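# Fold and geometry: a report
Listed below are the residues making up each chain.
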Amino acid sequence: MSPVFAHRTEAGQRLAQRLLGLRLPHPVVLALPRGGVPVAAEVARALGAPLDLLLVRKIGAPLQPEWAIGALAEGEPEVLDIEERTLQACGATRDDVLRTLPAHRQEIARRRALYLGGRAPLPLQGCTALLVDDGIATGATVRAAIRAVRQRQPQRVVLAVPVAPASELPALRALVDELVCLSAPECFGAVGRHYADFSTIEDADVVALMRRFGV
């Protein structure tokens, strides 16, 4: 399978072109760190919209951390999304999920302090909340993120990603007002397979991008 995108910046530029045609009212771009930030920065720049972050942590299965059994998203209150079918499939329990929460809360707090200087989330009431990531694999983190955004009462919620598995889109589309996905292959694999350059995004990269938007 040949990569669809050269890198996250190019993916963000292509996503922005699609979103410009929607003429979204009062957009606020919400990136999922860390990989979603370079994509979202291009979208925010093209739309002339403010850029903020939605901090969410994937909860991995015991002994198989890449296998998502849930996700925790910041919010008032925080949002915990547990993948019941995956939980059963890997032999994990809800207690396994609950034991991880203090560490994930600590990491969310660390990232908010580092990336945003502790700044409160931007208000979303009356706005189009435009949730952006570099791709979706299982959908666990983005489902938690959508729930967290919904409770902040935006006028609309739009999910925009460069790539996601075709099998995940119907369920995700039901959770948002609009879903924009540039590539939805049947045979997906991992998000990184769809990028020629899928280099790790470091904390310093996120801080630098946010500073360009006055954070």
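The notes below deal with the structure included here. Residue numbers restart at each chain and count upward from 1, following the sequence in its written direction. For a predicted model such as this one, the threshold for reporting local features is a pLDDT of at least 70, and the threshold for listing and counting side-chain atom pairs is 80 or more; totals across whole chains, interfaces and linings nevertheless cover every residue. To get the side-chain values, take all heavy atoms of the structure and skip hydrogens and water.

## Quick notes on the packing of aromatic side chains
The line we're drawing: To pair, rings of Phe, Tyr and Trp, with the six-membered ring standing in for Trp, must have centres within 6.5 Å; the planes then decide the type, stacked if under 30 degrees apart, edge-to-face if over 60, and tilted in the middle. Numbering goes from the N terminus for both helices and strands, where a helix is a DSSP run of H or I of at least four residues and a strand is a run of E of at least two. Here the term buried applies to any residue with accessible area under 20% of the maximum for its type, exposed to any over 50%, and partly exposed to those in between, with areas from a 1.4 Å probe on protein chains only.
Summed over the entire model, instances satisfying the criterion amount to 2 aromatic pairs. Ring geometry for F5 versus Y195: centroids 5.4 Å apart, planes at 35 degrees, classification tilted. Linking F5 in the segment before α1 (8-20) with Y195 in the loop between β8 (178-183) and α7 (203-212), this pair joins segments that are 190 residues apart in sequence. Taken as a pair, F5 and Y195 share a single burial class, namely buried. Arranged with centres 5.2 Å apart and planes meeting at 40 degrees, the rings of Y195 and F198 form a pair that is tilted. What makes F198 partly exposed here is its relative accessible area of 32%.

## A closer look at the pattern of salt bridges
Definition in use: Here, a salt bridge means any side-chain nitrogen of Lys or Arg that lies within 4 Å of a carboxyl oxygen of Asp or Glu.
Applying the stated criterion across every chain yields a total of 18 salt bridges. For the salt bridge of E168 with R143, the shortest nitrogen-to-oxygen distance reads 3.5 Å. On the criterion of sequence distance, the pair formed by E168 in the loop between β7 (156-163) and α6 (169-173) and R143 in helix α5 (residues 140-150) is long-range, its members being 25 residues apart. Taking relative accessible area as the criterion, R143 reaches 15% and is therefore assigned buried. A network of salt bridges, in which partner residues are shared, links R34, E107, R110, R111 and D203.

## A word on the state of the cysteines
Our working definition: Cysteine sulfur atoms are paired as a disulfide whenever they fall within 2.5 Å.
Going through the model one piece at a time under the given rule, you end up with 0 disulfides. Here C181 stays free of any disulfide, with the sulfur of C187 as its closest cysteine sulfur at 15 Å.

## What to know about unusual backbone geometry
Each neighbour pair has its own omega, and for P33 with R34 the value is 0 degrees, a cis peptide bond. For L63, which is not a glycine, the phi torsion comes out positive at approximately 70 degrees. Within the secondary structure, L63 is located in the loop between β3 (56-61) and β4 (64-73).

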